[in-house]
Amino acid sequence: MSVRSGSGESNYEYVIARVRSRRSRLFDEDDYRKLIRMGPSEIARFMEESEYEEEMNALGSRHSGVDLIENALHRNLANHFDDLLRFADGTLYDYIARYLRQFDAWNIKTVLRGLYSEADREAIEVDLIRAGEFSDERIDRLLGAGSIEEVVTLLDDTLFGEPLANAYGEYEERSLLVPLENAVDRAFYEALTDGLPNEPDRATQLYVDFLESEIDFRNVRNALRLSRSGAEMDPAEYYISGGRLFDADEISQLVTNTDELVARLRESPYGDDLDAALSELDTAESLRGFERALDAALLEYSHGLSNRHPLSVCPVFAFVLAKMREIENVRAIARGKEAGLDPETIEDELVIL
């Protein structure tokens, strides 16, 4: 991704018009219904006749099967988000650039998980998404790291460096990645609001409102995972500040009582937007089902914000989330078909707005 400093006035109308056009091309429920009944080669042909045509053709000589599908998905995602930065000016550019650093966080965690599980470089690289600020050279250095400690050292000049260095001792003590992964997430979210004015204008406040909701959902997800991991960790230790719904002590208590957690969400500012998703949350029988319902809830809430505030950063961020979900859905379908899973099992893994 080419990153520059934003200049000039924010051009919301132009960028939102481009985003709406691209959102209209996202796969819908009918498309997913077709895809889950196809084999990998049929999925590839379907994608060649969709907006992924350019990436499928460009990568077809180097990859095949599910590898081709995944690489095309990730390149298409990066191209879309490069375009968002190219379209935007002023503070809107700055907001988008900050938000897209989540892919730097994604790539760091992907490399850490790969090294932790002793995966080979190729297996790690296929899961990377080159859509953040990191250069290809830096990503290649991370891929070449021989240890988790080396990854931490390679990032010492980035916003993730100090938090990772501080968490490394706990990683060594527990032999669990959670402290490092959480350090990455915290660094990303803290940087999103760093340096904002104390008395924000309307555009900045909407930017903050969107981020607060995402942090709330991230805290719920992290706490649930910790509470079910069996590890002796206090969810409050991994709380990300900046949300508006829970404090660290509350989240620690609520994760042990799913009914109370759902009730709190229903009573929250998100409640009216999340009725359907919360009903699914209420009946989810597994952590994975609960997480999918949370993902659906965040998508629904972000879509509602974008409709209420059509000339703000909200439609842009809602598109980013929806596009990322499309990538994850298609990957889940392709990998599921490759593994021989039945359509019903695959469909249960999808999150469709």
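All of these numbers come straight from a predicted model, not from anything done at the bench.

## Focus: the packing of helix α3 (residues 40-48) against helix α18 (residues 314-338)
For the pair α3 and α18, the least separation of the axes is 9 Å and the interaxial angle reads 150°. Relative to α18, the element α3 is oriented roughly antiparallel. Seen from α3, the contacting residues are Pro 40, Ile 43 and Met 47; seen from α18, they are Val 330, Ile 333, Ala 334, Lys 337 and Glu 338.

## Structural notes on unusual backbone geometry
Trans peptide bonds make up the majority, and among non-glycine residues the majority have a negative phi. The backbone phi angle of Glu 118 is positive, close to 60°, even though this residue is not glycine. Along the chain, Glu 118 falls in the loop between α7 (102-116) and α8 (121-125). Its identity is not glycine, yet Ser 175 carries a phi of approximately 60°, on the positive side. Tracing the backbone shows Ser 175 in the loop between α11 (161-174) and α12 (178-192).

## A few points about the pattern of salt bridges
Pairs may arise between side chains of opposite charge once their charged atoms sit close together. By the definition in use, this model includes 29 salt bridges. Through salt bridges with shared partners, one network takes in Arg 121, Glu 125, Arg 130, Asp 136 and Asp 140.

## As for the side chain of Glu 181
Its location among the elements puts Glu 181 in helix α12. Of the residues examined, Glu 181 reaches a relative accessible area of 17% and is grouped as buried. Looking at Glu 181, its side chain comes within polar contact range of the side chain of Arg 113, at 2.4 Å. Those residues in contact with Glu 181 that sit more than four places away from it in its chain are Lys 109 and Arg 113.

## Concerning the layout of surface pockets
Here the largest pocket defines a volume of roughly 1,600 Å³. Along the wall of the largest pocket there are 49 residues; nearest its centre are Trp 106, Arg 113, Arg 221, Arg 225 and Glu 328. Of all the secondary structure elements, the ones that give two or more residues to the lining of the largest pocket are α7, α8, α12, α13 (202-229), α17 (287-308), α18 and α19 (343-347). Counted by class, the lining of the largest pocket contains 23 nonpolar, nine polar and 17 charged residues.

## Comments concerning the confidence of the model for the protein
With 95% of its residues at a pLDDT of 70 or more, the protein has an overall mean of 90. The lowest-confidence element of the protein is helix α16 (residues 275-283), averaging 72 in pLDDT; the highest-confidence one is helix α10 (residues 148-154), averaging 98.

## Let's talk about α7
An ideal rise of 1.5 Å per residue puts 21 Å on 15 residues; α7 measures up with 21 Å between its terminal C-alpha atoms. Among the 15 residues of α7, 11 are classified as buried, and the element is accordingly described as predominantly covered. For α7, the full list of buried residues reads Gln 102, Phe 103, Asp 104, Ala 105, Asn 107, Ile 108, Lys 109, Thr 110, Val 111, Leu 112 and Gly 114. Taken from the residues just after α7, Glu 118 is the one with a positive phi, measuring 60°.

## Considerations on α11
The terminal C-alpha atoms of α11, which comprises 14 residues, lie 20 Å apart, in line with the 20 Å expected from a rise of 1.5 Å per residue. Taking the largest bend as the criterion, α11 deviates by roughly 35°, centred on Ala 167. Within α11, the full set of buried residues consists of Gly 161, Leu 164, Ala 167, Tyr 168 and Tyr 171. In this structure, the buried residues of α11 make contact with α7, α10 and α12.

## Re the environment of Phe 87
Tracing the backbone through its elements, the reader meets Phe 87 in helix α5 (residues 65-87). Dropping the residues within four chain positions of it, Phe 87 is found in contact with Asn 11, Tyr 14, Val 15, Arg 18 and Arg 22.

About the criteria used
- Residues numbered from 1 in each chain as written.
- Predicted model: local features only at pLDDT ≥ 70, side-chain atom pairs only at ≥ 80, totals over all residues.
- Heavy atoms only, no water.
- Axes fitted to C-alpha atoms, helices over the stretch in contact; angles between N-to-C directions.
- Helix = DSSP H or I, 4+ residues; strand = E, 2+ residues; numbered from the N terminus.
- Parallel < 35°, antiparallel > 145°, perpendicular 65-115°, else oblique.
- Contact = heavy atoms within 4.5 Å.
- Salt bridge = Lys/Arg side-chain N within 4 Å of Asp/Glu carboxyl O.
- Buried < 20%, exposed > 50% of the residue type's maximum accessible area, 1.4 Å probe, protein only.
- Polar contact = N/O pair within 3.5 Å; in protein donor to acceptor, adjacent residues only side chain to side chain.
- 1 Å grid on protein atoms, 1.4 Å probe; cavity = no way out; pocket = protein on both sides within 12 Å on 5 of 7 lines; lining within 4 Å.
- Points joined across faces, edges and corners; volume = space filled by probe spheres on them.
- Nonpolar A, V, L, I, M, F, W, Y, C, P; charged D, E, K, R; others polar.
- pLDDT = per-residue confidence, 0-100.
- Expected span 1.5 Å × (residues − 1).
- Bend = angle between axes of the 7 residues up to and from the residue.

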